[in-house]
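# Residue-level structure breakdown
Residues per chain, in single letters:
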Amino acid sequence: MALRSSHRPLALALFLSLAAAGCGSGSGSSGAGGKLTVWLAVDAQESWPQLVQSTNDRFAKAHPGVAVDVQYQQWTTKNQKLDAVLAGKNVPDVVEMGNSETTNYIVNGAFATLDPSRFDQSGSWLPALADACRHDGRTYCVPYYVGARVGVYRTDYFTRAGVAGPPRTYPELMSALDRLKGTLGAEDPNFSALYMPGRYWYAAMAWVKDAGGEIAVQDGGTWKGALSSPKSVAGLTEWKRLIDAYYVGDRAKDNGDQPGVVAQGRVGVFYGNTWEADAAADEHAGGDPTLKGRFATFPFPGPSGKLLPPFLGGSTLAVPVKSTRKDLAADWIGMFTDRQSQQTLIAANTLPNNTAQLAEVAAGGINGPAAQAAATGGWMTPFAPGWTSVEKSNVLPEMLERIANGKASVQDAAREADRRIDEVINER
């Protein structure tokens, strides 16, 4: 359940209108009657509609006469629509945000402050979500759910290649990939022991993080690219070695169609979200239904000897500063994210918003390894005001493509990426 898109910077008109309106949290109207408007991404409609319904039912009992209008948004257009409505007066009362999308909105005063004590288990919120909601000691959103990437493998291919089970260490992973390459790769020159397209930056940055590197670092209040540091270069170099050794395919593509590619039967292992294993065997998602039951997951080991730190992509819930029903909005968010609701998300193969309930994820289930990976802390994109501008400019995918295709050395490509990051990462 990682983020699917990034937002454009807020318009100047929005900044000015927010400044005129004031940015205090306020209580908003909490009187009986009226409507509470909630914007959620389509994931809730598609994967856990029962949670939305149960929350609305609970809310109706607590606030008779207040109707909840849930409007589902597409990730690709959500923030463009949000920018437009925030510049006016009629705003939604609750909005779902990706945890890499929040910083720009927060620093520009778009969201109201929230009291963490109003929300269940706020003391154990996952840092990747909680940190995205905090600025200058205040909280501006509430963690909702998170996803973590893991290793996904074809169990039947492991059997054919004589691999006893999922790898627990990096040397065991290398051995498994060598066996897959030597067995199935010898039969099919288009077989990839490890599927790793060149522009898959969520994967590549995990190797950077495992090596102790960073995408960018903050120095005296200013963010700077750090991909050309020795540790980051070491991580990128190992990632490139894996591509050269085990990936057969287009190095100029990303992982957007990963389940469909895996479903073609020419992949032994891939690094992805657990839902992608189901999608690879789902004909409605472009997969092959005959592959159902042939995928299993494992916590992906890293070269460091620890688990490869996964990107923890997820969602948060915020209350626009212009909402006139801030108290009601906070109540709805509280019900939608409490322990009971998190149990519903866990049952839907989604990771909870807090460390305490990670232990409730079945260790033997497909999401068990993801919970284990998330428990390590994972990593997040920099909480810099201009990070979404970095994503929009495709700095990371373009750097990785040049490295993967041998168009530039790791050092040169990383140095150029740092230069481009420095140009936009501090923009508000």
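Starting afresh in each chain, residues are numbered from 1 along the sequence in its written order. For this predicted model, a pLDDT threshold of at least 70 governs which residues receive local features, and a threshold of 80 or more governs which side-chain atom pairs are given and counted, while totals over whole chains, interfaces and linings are taken from all residues. Excluded from the side-chain calculations are hydrogens and water; all other atoms, namely the structure's heavy atoms, are used.

## Notes on the overall build of the chain
Each helix and strand in the chain was counted, giving 18 helices and 13 strands. C-alpha atoms of the chain, sized along the principal axes, occupy 70 × 45 × 35 Å. Whether a residue is buried, partly exposed or exposed follows from its accessible area with a 1.4 Å probe, protein chains only, as a fraction of its type maximum: under 20%, in between, or over 50%, in that order. Buried residues in the chain amount to 57% of all 428 residues. The contacts in the chain between residues at least 6 apart in sequence include a share of 77% that link residues at least 24 apart. In short, Shrake-Rupley with a 1.4 Å probe defines the accessible areas, and a residue's cover is counted only from the protein chains shown. Total accessible area computed for the chain in this model is approximately 16,500 Å², and 49% of it derives from carbon and sulfur atoms. By definition, any uninterrupted DSSP run of H or I lasting at least four residues is a helix, any uninterrupted run of E lasting at least two residues is a strand, and each is numbered from the N terminus. We call two residues contacting when some pair of their heavy atoms lies within 4.5 Å.

## Digging into the nonpolar core
By convention a nonpolar core is built from buried Ala, Val, Leu, Ile, Met, Phe, Trp, Tyr and Cys residues, the set being connected through side-chain atoms within 4.5 Å. Leu180, Met205, Trp207 and Met399 are the most contacted members of the largest nonpolar core, which has 88 residues in total. The greatest single-element share of this core, amounting to 8 residues, is contributed by helix α9 (residues 201–210). Those residues in contact with Met205, other than ones at most four positions away along the chain, are Ile215, Leu227, Leu236, Trp379, Leu396, Met399 and Leu400. Counting residues in hydrophobic clusters, the runner-up holds 30 residues, among them Trp48, Tyr144, Tyr145 and Phe336.

## Thoughts on unusual backbone geometry
Phi angles above zero are rare outside glycine, and Gln121 is one such case at about 60 degrees. Mapped onto the fold, Gln121 is located in the loop between α5 (102–107) and α6 (127–133). Of note in the backbone geometry, Asn394 takes a positive phi value of approximately 60 degrees without being a glycine.

## Comments concerning the packing of aromatic side chains
Ring pairs shown here join Phe, Tyr and Trp side chains whose ring centres sit within 6.5 Å, with only the six-membered ring taken for Trp; geometry is labelled stacked below 30 degrees between planes, edge-to-face above 60, and tilted in between. Counted under the stated rule, the structure contains 18 aromatic pairs. Aromatic pair Tyr153 and Phe158: ring centres 4.3 Å apart, planes at 35 degrees, arrangement tilted. These aromatic residues form a ring-pair network of at least three members: Tyr153, Phe158, Trp207, Tyr271, Phe298 and Phe300. In this structure, Lys81 packs its charged tip against the face of Trp39, placed 5.6 Å from the ring centre. Think of it as a cone above the ring: NZ of Lys or CZ of Arg counts as a charge over the ring if it is within 6 Å of the ring centre and within 35 degrees of the ring normal. Directly above the ring of Tyr157 sits Arg154, whose terminal nitrogen or CZ lies 3.9 Å from the centroid.

## Details of the sheet that holds strand β11 (residues 267–272)
Read from one edge to the other, the open sheet built from 4 strands follows the order β8-β11-β7-β12, with strand pairing classed as mixed. Every interior strand has two partners, whereas the edge strands, β8 (192–195) and β12 (295–298), have only one. Adjacent strand axes in the sheet meet at a mean angle of 20 degrees, parallel and antiparallel pairs treated alike. Taken together, the 4 bridges between strand β7 (residues 150–154) and β12 define a ladder with antiparallel strand orientation. Each residue of the ladder has a partner; that of Val152, found in β12, is Thr297. Against the sheet, helix α8 (residues 170–187) makes contact with β8, β11 and β12, and its axis sits at roughly 135 degrees relative to β8, the strand it touches most. Two strands are said to pair when DSSP picks up at least two bridges between them. Between the N-to-C directions of two axes lies an angle of 0 to 180 degrees, each axis being a line fitted to C-alpha atoms and, for a helix, fitted only over the stretch in contact.

## Digging into the environment of His284
Positionally, His284 belongs in the loop between α12 (274–280) and β12. His284 sits 47 residues away from Thr237 along the chain, and the two C-alpha atoms are 37 Å apart.

## As for the pattern of salt bridges
A side-chain nitrogen of Lys or Arg and a carboxyl oxygen of Asp or Glu constitute a salt bridge if their distance falls within 4 Å. Counted according to the given criterion, the structure contains 23 salt bridges. Notably, a salt bridge pairs Lys209 with Glu214, separated by 2.4 Å at the nearest N-O pair. When its relative accessible area of 31% is taken as the criterion, Glu214 is described as partly exposed. Between Glu423 and Arg419 there is a salt bridge, with its nearest N and O atoms 2.6 Å apart. In this pair, Glu423 and Arg419 both sit in helix α18 (residues 410–424), 4 residues apart, roughly one turn of the helix. On the accessibility criterion, Arg419 (40% relative accessible area) is partly exposed.

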